[in-house]
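One letter stands for each residue in the lines below.
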Amino acid sequence: MSAFIQQLPALIGVVIGALGSYLAVVRSDRARFLRERTARWEERRLSVYSDYARSLKQTVTLTYRVASHLGADPHPHPLTMAEAQPLPAEAAVAREPSGETLIMLGGKEAVEKARVWVAVVLEMERFVREGRRERREPEAWRALLAQQRAAREGYYAAVRSDLGLPPGHGARTPLPSVPAA
């Protein structure tokens, strides 16, 4: 029996070492799992943010083209309202799934900024859809463009903040002036 008692401290040391190794491996695996899960969700959120911006930008480009036909925007590819008729509805239908996914996965601030941006874009759609002449004035259009750019910049800043990215480029480039008609 004394031989067993002499070996007992070594046996206890082995058991404690094995238990310690097991706990270290479990903690390491758990930390790796959490890091990987966080990275997957960040990639998914980036994709959601990008999809929403892309779908909203389709509507923005469409309004640029119609406003160009109306004489309010310098876009090089004007589009008449008759030619554009089905396109706003198609863009809205395409935007819906990405908007719902944004609400589900996006950060609170990014979702709020997305709402601000889409509200301005909807006002741009109204601008090109309405038949009143004063709504087609270049000054009113330029004011909407400034609002849209500020809203887009706010959305991108919120997205970058939510994803933990450093502040990015404001995408402010001077636009050519609209020739007087």
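Going by the structure above, here's the rest.
Residues numbered from 1 in each chain as written. Predicted model: local features only at pLDDT ≥ 70, side-chain atom pairs only at ≥ 80, totals over all residues. Heavy atoms only, no water.

Chemist: Pulling in residues and values, what's your account of the overall build of the protein chain?
Modeler: For the protein chain, the count of helices and strands is 5 helices and 0 strands. In sequence order, the secondary structure elements of the protein chain are arranged as α-α-α-α-α. Expressed as a percentage of the 181 residues in the protein chain, the buried residues total 30%. Counting contacts in the protein chain only where the partners sit at least 6 residues apart, residues at least 24 apart contribute 69% of the total. A total accessible area of about 11600 Å² is found for the protein chain, and carbon and sulfur atoms account for 61% of it. (Helix = DSSP H or I, 4+ residues; strand = E, 2+ residues; numbered from the N terminus. Buried < 20%, exposed > 50% of the residue type's maximum accessible area, 1.4 Å probe, protein only. Contact = heavy atoms within 4.5 Å. Areas by Shrake-Rupley, 256 points an atom, 1.4 Å probe, with all protein chains shown as cover.)

Chemist: A description of the nonpolar core should follow, citing residues and the corresponding values.
Modeler: If you look at the biggest cluster of nonpolar residues, it comprises 33 residues, and the most contacted ones within it are Leu-102, Trp-141 and Tyr-155. If you list the elements that add at least two residues to this core, you get α1 (2–70), α4 (108–129) and α5 (138–162). Not counting residues within four places of it along the chain, the set of residues in contact with Tyr-155 comprises Tyr-49, Tyr-52, Ala-53, Leu-102, Ala-110, Lys-113, Ala-114 and Trp-117. (Core = buried A, V, L, I, M, F, W, Y, C linked by side-chain atoms within 4.5 Å.)

Chemist: Explain the side chain of Thr-63 residue by residue, including any values.
Modeler: Along the chain, the position of Thr-63 falls in helix α1. For Thr-63, a relative accessible area of 2% puts it in the buried group. Among residues more than four places away in sequence, those in contact with Thr-63 are Met-124, Glu-125, Val-128 and Trp-141.

Chemist: Just give me the short version of α4, but keep the residues and values in it.
Modeler: The end-to-end C-alpha distance of α4, which contains 22 residues, comes to 32 Å, matching closely the 32 Å that a straight helix rising 1.5 Å per residue would cover. Here α4 has its buried residues at Ala-110, Val-111, Ala-114, Trp-117, Val-118, Val-120, Val-121, Met-124, Glu-125, Phe-127 and Val-128. Here the buried face of α4 lies against α1, α2 (81–84), α3 (87–105) and α5. (Expected span 1.5 Å × (residues − 1).)

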